[in-house]
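# Results of the structural survey
One letter stands for each residue in the lines below.
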Amino acid sequence: MMEKKVIYRSTVNPNLNKKRWLVNLISLILLLALIYVVFGASFSKDIFKTILGMNYRQFVSIFISILYTIILAVSLNLSTGCLGEMVLGHAGFMAVGAYAGSLFLKYSGAAADDNMATIIAILIGFVSAGIIGFLVGMPVLRLRGDYLAIITLSFGQIISTVIKLLNFDGSGKLTGIPLNRNIMLYAVIVIIIVLVIFTFMKSRHGRAILSIREDAIAAEASGIPVTKYKVGTFTFSAALAGIAGVLFAQNIGVLQPVKFEFNYSIEILVIVVLGGLGSFTGSIVATIVLLLLPEVLRFLQDYRLIIYSTLLIIIMLTKPNGLLGRYEFSAYATYKKMVRFFKMFPQNIKNLPQNIKKLLLKIKDFFKYFGPNMKKIFKKMGNNIKTFLKRGGASDE
Amino acid sequence: MNKAINQEEYVLRGENLGINFGGLKAVEDFNITIKKGELVGLIGPNGAGKTTAFNLLTGVYKPTFGDIYLNGEKVTKMSPHLRVTKGIARTFQNIRLFKKLSVLDNVKVAFNNSMKYSPLTATLRLPKFWQEEQEIDQKAKDILKVFNLNDVEEEYACNLPYGKQRKLEIARAIATNPQIILLDEPAAGMNPTETEELMSTIKLIKEKYQVTILLIEHDMKLVMGICERIVVLNYGRIIAFGNPQEIQSNKDVITAYLGGEVE
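Our subject in this report is the structure included herewith. This structure is a prediction, so every number in the text was calculated from the model and none was measured. (Residues numbered from 1 in each chain as written. Chains lettered and ligands numbered in written order. Predicted model: local features only at pLDDT ≥ 70, side-chain atom pairs only at ≥ 80, totals over all residues.)

### Describing the overall build of chain B
Where we set the bar: Counting from the N terminus, the helices are the DSSP runs of H or I reaching at least four residues and the strands are the DSSP runs of E reaching at least two. Note that the radius of gyration is over C-alpha atoms, with the globule rule given as 2.2 Å times the number of residues to the power 0.38. Backbone-placed C-beta atoms define the burial measure: a residue is buried with 20 or more other C-beta atoms within 10 Å of its own, exposed with 12 or fewer, and partly exposed in between. Any two residues are considered in contact once their C-beta atoms, placed from the backbone, lie within 7 Å.
The secondary structure content of chain B amounts to eleven helices and ten strands. A globule of 263 residues ought to have a C-alpha radius of gyration of about 18 Å, and chain B, at 20 Å, matches this closely. Here the C-alpha coordinates of chain B stretch approximately 75 × 45 × 40 Å along the principal axes. Looking at chain B as a whole, 43% of its 263 residues are labelled buried. For chain B, restricting intrachain contacts to residue pairs at least 6 apart in sequence, the fraction spanning at least 24 positions comes to 67%.

Right, dumping it as structure tokens:
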């Protein structure tokens, strides 16, 4: 009988290995160091020019757009993937944050690259988008059903129209926002946000939110204040989109209401679905892939968008649950896998000649199963076809 | 004075409960008093309004008429999750588990009310978080052990066989620390062996957790076997109540189930 391997599926394991903290901390520091070496350091400009032959400023701009899109995708994943409420106007909340933060930056006379002003603007964007999110979510989320999708869809359109009508600069655009392209600051902000969402979801509150996604009526019958959690999560998600808006504004310096229309909301939703609903690391991976793809495919010129869309379709067909499904990448698990690999390495090398012995035909436990559970039952019976057939596939449960 | 005595006497009381869906009177004049430690059965033909009565008692529907008392406290206008904190728990006719959560998580969700730590404590991973999570982990595992589910605690709930899913639903209801638990057709779709097992499970939780039980069931062997008192519902009205022997010989009940003589 094979040793039964238990996969841990629960949200919180209170008896965690202490080593995990250390490994996570070290990998975090390594990540920040990597970003610093590639983008932040004074010598990195030369690296880009001499080694890669690329335009440094353009690359920084793309990297910042990846950073704020990560915030957008992760926060949308919180309300769509974890809470299970379809949100079609996430860019609208981003617009609220972007305009609130930018108006503050412009009229307070903040200088470019002023990190303190950026942090205050981020707080303003966070709070204002949160307030608007609360006002939108409060009446809708009391109802059961998919009303939120329609309401947020129209909210996104209303916001961009309202901004057009308010006409802040007289020209339809808001210009003259002080730029700040401090990559290290943004990277730290993104890491903090992702960490907060991660730890938040791996707690009793996260468990309650997941239970609402699975079955709101049963959650209510188990004593979960469903409306409170729904409104709270939605508000938090909208507020985070506001932060992304401020980063966006400080990266570009010009705001146009057209940017925040329906198309952009769908673009974020595509990232979330592609990364896997409910998987935050999936959202991050999908953001990086989807934002770099158009750049990488630039040599294809006009055919770029066709290839891009085709690739999207292929990914969705082969991975219908998204790139990572509900799986979360864990630094500790990877570390453990690597340790196991290196421990087994000498043995694997020794067994290599046997493994590739010449065989004409060998059938070992050849098996075709229908339905997802058959494979599991088969494995439980020690991967032995004889016992399996004897039991007629009936599990011992 | 009078009220204090009443408080000890009953756990759940419905007074003249009624609900109308448009012109349909789904439940009418529904009076029920359940004493502490009782095991009461609610039976009736299909469409008699049994589940509607359950939904009224647990707060899914708001009654058009009447009042509901839980331990002497009026809970008529309370929302379902608040009623859970007052000590009422339920299971569903068509199993409602959190399918893509682990079995352990399914039970832990029900402990949410007894946990206190804030979102901030959770994100900062303060000692209080670990302490409470450890406590709940132990409690949830203890409950799963009682229901013989401890060997599948890391499975997804949807991967469990039918009988175990039913058990898990009852385990989840028990985890809310209820005084009364409402079981909606717990034996539906079960084979005789599973029903036997369920009967012993119900008896076990009644003794171990000191809960009062109200159950809807069509399986007469189960109802007559374990219920101390039975309430019969037809067309939204109570037509009979009493112990199993009385119910079996009641004329109205036989008419409701088998039809009466043609005049």
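### A short note on the overall build of chain A
Broken down by element type, chain A carries 16 helices and zero strands. Here chain A holds 397 residues, and 37% of them are scored as buried. At a minimum sequence separation of 6, the contacts of chain A that also span at least 24 residues come to 78%.

### Structural notes on the interface of chain B and chain A
Taken together, the contact between chain B and chain A spans 38 residues of the former and 32 residues of the latter. Those elements that place two or more of their residues in the side of chain B that touches chain A are helix H3 (80-85), helix H4 (103-110), helix H5 (119-124), helix H6 (127-146) and helix H7 (162-175) of chain B.

### Focus: helix H3 (residues 56-82) of chain A
Helical geometry note: an α-helix holds 3.6 residues per turn, so side chains three or four residues apart project in the same direction. All names here are of chain A. The condition is simple: Multiplying 1.5 Å by the residue count of a helix minus one yields the expected span of that helix. The angle separating two fitted axes, one through the seven residues that finish at a residue and one through the seven that start at it, defines the bend at that residue.
Compared with the 39 Å implied by 1.5 Å per residue over 27 residues, the 37 Å span of H3 between its first and last C-alpha is a close match. The largest bend along H3 measures about 25° and falls at Leu76. Looking one or two residues past H3, Gly84 carries a phi angle of roughly 80°, positive in sign.

### Things to note about the packing of H6 of chain B against H7 of chain B
All names here are of chain B. Formally: Note on method: axes are straight lines fitted to C-alpha atoms, helices fitted across the in-contact stretch only, with angles between N-to-C directions ranging 0 to 180 degrees. Note that the term roughly parallel is reserved for angles under 35 degrees, roughly antiparallel for angles over 145, roughly perpendicular for angles of 65 to 115, and oblique for everything else. Note on convention: near helix rotated counterclockwise from far helix by under a right angle means a left-handed crossing. Clockwise means right-handed. Charged residues are taken to be Asp, Glu, Lys and Arg, nonpolar residues to be Ala, Val, Leu, Ile, Met, Phe, Trp, Tyr, Cys and Pro, and polar residues to be all remaining types, Gly included.
Here H6 crosses H7 at 140°, and the two axes come no closer than 10 Å. If you check the angle between H6 and H7, you find them oblique. For the element pair H6 and H7, the recorded crossing hand is right-handed. Of the residues in H7, those touching H6 at Ala140, Ile143 and Leu144 are Ala171, Ile174 and Ala175. Here the contact of H6 with H7 is built from residues that sort into six nonpolar, no polar and no charged.

### Side note on the pairing of strand S3 (residues 39-43) of chain B
All names here are of chain B. For clarity, the threshold we go by: Strand pairing is defined by DSSP finding a minimum of two bridges between the two strands.
Of all five residues making up S3, four are buried, and the element is well covered by its neighbours. As paired elements, S3 and strand S8 (residues 212-216) share four bridges and run parallel to each other. Residue pairing across strands places Leu39 opposite Ile213, the latter belonging to S8.

### Some remarks on the sheet that holds strand S5 (residues 73-74) of chain B
Residue and element names in this part refer to chain B. Strand order in the open sheet formed by four strands is S2-S1-S4-S5, with antiparallel pairing between adjacent strands. Either end of the sheet is taken by a strand with one partner, and the two such strands are strand S2 (24-35) and S5. Inspection of the sheet shows strand S1 (residues 10-21) paired to strand S4 (residues 65-70) by five bridges, in the antiparallel sense. Each bridged residue has a counterpart across the sheet, and for Leu12 the counterpart in S4 is Leu70.

### What to know about the nonpolar core
Among soluble globular proteins, nonpolar side chains are generally buried collectively. Inclusion rule: Any nonpolar core is a set of buried residues, restricted to Ala, Val, Leu, Ile, Met, Phe, Trp, Tyr and Cys, that join up through C-beta atoms within 7 Å.
Met94 and Ala244 of chain A together with Ala171 and Val232 of chain B are the most contacted members of the largest nonpolar core, which totals 158 residues. Sorting elements by how many residues they give to this core places helix H10 (residues 226-252) of chain A first, with 15 residues. The contact partners of Val232 of chain B, leaving out residues within four places of it in the chain, are Ile43, Gly44, Ile238, Ile239, Ala240, Phe241, Ile247, Val253 and Ala256 of chain B.

### A word on the sheet that holds strand S9 (residues 229-234) of chain B
Residue and element names in this part refer to chain B. Taken in spatial order, the six strands make up an open sheet running S6-S7-S8-S3-S9-S10, and their pairing is mixed. Because the sheet does not close on itself, it has two edges, and the strands there are strand S6 (88-90) and strand S10 (237-242). The mean inter-strand angle of the sheet, taken between neighbouring strand axes irrespective of direction, is 20°. Note: S3 against S9, four bridges, orientation parallel. Each residue of the ladder has a partner; that of Leu42, found in S9, is Val231.

### Things to note about the environment of Gly97 of chain A
Residues and elements named next belong to chain A. Relative to the helices and strands, Gly97 is located in helix H4 (residues 90-107). As for Gly97 and Tyr107, which are separated by ten residues in sequence, their C-alpha atoms are 16 Å apart. Each residue touching Gly97, except ones within four places of it in the same chain, is listed here: Gly125, Phe126, Ser128, Ala129, Ala241, Gly242, Ile243, Gly245 and Val246.

### Considering unusual backbone geometry
Residues and elements named next belong to chain B. If you check the backbone angles, Asn177 has positive phi at about 60° while not being a glycine. Phi angles above zero are rare outside glycine, and Glu185 is one such case at about 45°. Within the fold, Glu185 resides in the loop between strand S7 (180-184) and helix H8 (192-209).

### Some details on the environment of Gly133 of chain A
Residue and element names in this part refer to chain A. Among the structural elements, Gly133 can be located in helix H5 (residues 115-140). It is 4.9 Å that separates the C-alpha atoms of Gly133 and Thr235, two residues lying 102 residues apart in sequence. With sequence-adjacent residues up to four places away left out, Gly133 is seen in contact with Phe93, Phe234, Thr235, Ala238 and Ala239.

### With respect to the pairing of S8 of chain B
Residues and elements named next belong to chain B. Stated precisely, the cut-off is as follows: Whether a crossover is right-handed depends on one test, that the path from the first strand over the helix to the second runs clockwise when the strands point away from the viewer.
Within S8, five of the five residues are buried, which leaves the element mostly enclosed by the surrounding structure. The side-chain alternation of S8 yields two buried faces, one formed by Thr212, Leu214 and Ile216 and the other by Ile213 and Leu215. With five bridges connecting them, S7 and S8 associate as parallel partners. Of the residues in S8, the one forming a bridge with Ile181 is Ile213. Taking the sense of rotation as the criterion, the β-α-β connection linking S7, H8 and S8 turns out right-handed.

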